[in-house]
Amino acid sequence: MSPVIKQDSGLKNLELKNLELKNLELKDLELKDSELKDSELKDSGLKVRGRLISKKFELSQNEKLKELLGIGQTNQEMKDFWALRNVNFEVYDGEAIGVVGLNGSGKSTLLNMIDRSLSITAGELEINGEVSRIAIGAGLKADLTGRDNIRLKCTMMGMSKKQIEDKMSEIVQFSELGPFIDRQVKDYSSGMRSKLAFSIAINQDPDILIIDEALSVGDSTFSAKSAKKMFEFREKGKTIFVVSHNSAQIQKWTDKVIWLHYGEVKEYGATKDVLPKYQAFINWFNSLSREQQEQYKLDRRKEQQDYSVAALKQEVLDNASESVSQSSLTLIDETIKKSKKRSKLTWTSKGLMLLCVLVMFFSGIASAKGQSILGLKKTAGMKQTTTVKPSKVPKSSTSKSSHKSSTSANQKNGVETFDYIVKEGDIISNIALVYGLTNDDIMKLNPNLNPSLITPGMVIKLQKAAKNKPSSTDTTTDASVSSVEEDNFEDETIDTTTDTPNNLPDSRTIPESE
Ligand SMILES: Nc1ncnc2c1ncn2[C@@H]1O[C@H](COP(=O)(O)OP(=O)(O)OP(=O)(O)O)[C@@H](O)[C@H]1O
């Protein structure tokens, strides 16, 4: 038997080797293909190309959970939101591109994709070269001195210690920060931060430089000096993106303008053609009444919420030639497939959701019977047996701040009470569990309370004796909720605290007569 086995395994080894060789050949082909693509890009002088770029900010997994469980509010503002829709553009060597648009139109979102700090939902972005971004204060470490920030940034760019020290005096001199270079950045004004960021970035010699409002805060001398440096940079065939609400800057510094309007490219072309159109729009917008402006913003925002992949596909079919549209449709399908995988609830979240439902169900039964969740009759002084470390107790329900803001002790029906301010994510049964009460206890103290309608900020009365329970007793009954809050969900989630963007144009956008 053994020789046969040997022969078998010998054959298998041969097959495996063949397979490995084939895989290597394939990898080689893939590499050659991508090298070819890169060199094609370089040859054509194409620096950045965006095709069908679309970005959807989704409800966070927390919000999805709440929506599924019917907890908290789910209004229009909290829907998935398309910050960019079907954005197409090409930028070549030596071009300076202005990015303009009202507040919230998607400028930062687009640049975050170009500097690779944000992924795209659909479409394709080709970038040929190193990108460096200057935004007010962004990327600087507040606790470090200006000098140490220079060292840090240069190290991150792969420079050696010697190279950094050689460049140091040039950067420091350009920054005009004088003795402040050895002070911590947290002591800098926004203008000083911008000077430091610009000096570091321009001296790093990136291929693509993004200037995100950074030069709007510096003084005019520094701004002029920076502009000169930028022109030199452009002469070398480098590419610059400038985001500014200052039309004069855009006019002076850029060759082309991308005008973003509620996530779409309204116009892309020569600055001399696009900027006047944008300014005309601003003038028209400013001529509207307050109500009309609000209505306009609401309508546009709704379009961003109602957008869909189907709409993107339709736009592609309507606007592109047949060959382009076919490859574009494939591109949309591929990217959407990927994003669908990402946006699905994780198994952990599904498990937590189930746990949450079970806790709610059993606590409902328990409170109806006047018992704790483990079936123990609640008696004063009885120690709870269930539990988790205090740190696992949800911040929303037991954080010190909620105590601080909620302790105004008083009496109700002979019971000493205190005010508890409802936090985001709270539900009655969880508050009850955390504070060692039953739902009935809470309802007795708050007879007008509708348990399914509690909202953050609402004040409810709780029995004072129970107040210290969470900190003194280990309790785990609320593990489901606390874990949900602590779960490290994916990025790019909707920040429900994000204010509705103030789309009122900045006054600086009104054309300056130069
Ligand atoms: N992480 C996020 N989650 C949800 N929505 C987001 C997120 N980031 C941005 N948005 C929304 O996307 C839209 C575009 O935002 P973005 O910051 O790109 O606009 P902007 O044009 O740079 O605005 P501004 O001129 O005010 O800087 C806005 O409506 C914003 O509320």
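Under an unreviewed UniProt entry, the name given to the protein is ATP-binding cassette domain-containing protein, and the organism recorded is Pseudolactococcus carnosus.

1. Observations regarding unusual backbone geometry
Positive phi outside glycine occurs at asparagine 86, with the angle close to 50°. We classify asparagine 86 as buried; it has 24 C-beta atoms within 10 Å. Its identity is not glycine, yet arginine 116 carries a phi of approximately 65°, on the positive side. Within the secondary structure, arginine 116 is located in the loop between α3 (107-114) and β4 (122-127). Of the residues examined, arginine 116 has 11 C-beta atoms within 10 Å and is grouped as exposed.

2. Re the sheet that holds strand β2 (residues 81-92)
Strand order in the open sheet formed by three strands is β2-β1-β4, with antiparallel pairing between adjacent strands. Among the strands making up the open sheet, the edge pair consists of β2 and β4. Direction aside, neighbouring strands of the sheet carry axes that sit 15° apart on average. Strand direction decides the pairing type here: strand β1 (residues 46-57) and β4, joined by five bridges, are antiparallel. Looking at the pairing, glycine 50 lines up with leucine 125 of β4.

3. Details of the sheet that holds strand β5 (residues 131-135)
A sheet is described by the order of its strands in space; here six strands give the open sequence β5-β6-β7-β3-β8-β9, paired in mixed fashion. At either margin of the open sheet sits one strand with a lone partner, and together these are β5 and β9 (264-270). Strand-to-strand twist across the sheet, computed as the mean angle between neighbouring axes with direction ignored, equals 15°. As defined by bridge partners, strand β8 (residues 256-261) adjoins β9 across six bridges and the pair is classed as antiparallel. Within β9, the position partnered with histidine 261 by the bridge is glutamate 264. Set on the sheet, helix α9 (residues 271-287) makes contact with β3 (96-100), β8 and β9; between it and β9 the angle comes to about 140°.

4. Re the pairing of β8
Regular strands show a simple pattern: their side chains alternate between the two faces of the sheet. Across the six residues of β8, five count as buried, placing the element largely inside the fold. As paired elements, β3 and β8 share four bridges and run parallel to each other. Paired with isoleucine 97 across the two strands is lysine 256, which belongs to β8.

5. As for the packing of helix α4 (residues 146-156) against helix α5 (residues 161-175)
The description of two helices packed together rests on the angle between their axes and the distance between the axes. At their nearest, the axes of α4 and α5 sit 11 Å apart, and the two run at 130° to each other. As judged from the angle between their axes, α4 and α5 are oblique. Classified by chirality, the crossing of α5 by α4 is right-handed. For the pair α4 and α5, the contacting residues are Ile150, Arg151, Cys154 and Thr155 in the first and Ile164, Lys167, Met168 and Ile171 in the second. Considering only residue class, the contact of α4 with α5 consists of five nonpolar, one polar and two charged.

6. Things to note about the nonpolar core
Counting residues in each nonpolar core, the largest one holds 60 residues, and the members touching the most others are Val99, Leu110, Ile114, Ile210, Ile240, Phe241 and Val242. Per element, the largest residue contribution to this core is seven residues, and it comes from helix α6 (residues 190-204). Once residues lying within four places of it in the same chain are set aside, the contact partners of valine 242 are Ala96, Gly98, Val99, Ile211, Gln249, Ile250, Trp253 and Thr254. Judged by nonpolar contacts, the second largest core, of twelve residues, contains Ile427, Ile428, Ala432 and Leu437.

Thresholds, definitions, all that
- Residues numbered from 1 in each chain as written.
- Predicted model: local features only at pLDDT ≥ 70, side-chain atom pairs only at ≥ 80, totals over all residues.
- Buried ≥ 20, exposed ≤ 12 C-beta atoms within 10 Å, placed from the backbone.
- Helix = DSSP H or I, 4+ residues; strand = E, 2+ residues; numbered from the N terminus.
- Pairing = 2+ DSSP bridges.
- Axes fitted to C-alpha atoms, helices over the stretch in contact; angles between N-to-C directions.
- Contact = placed C-beta atoms within 7 Å.
- Parallel < 35°, antiparallel > 145°, perpendicular 65-115°, else oblique.
- Left-handed = near helix turned anticlockwise from the far one by under 90°.
- Nonpolar A, V, L, I, M, F, W, Y, C, P; charged D, E, K, R; others polar.
- Core = buried A, V, L, I, M, F, W, Y, C linked by C-beta atoms within 7 Å.

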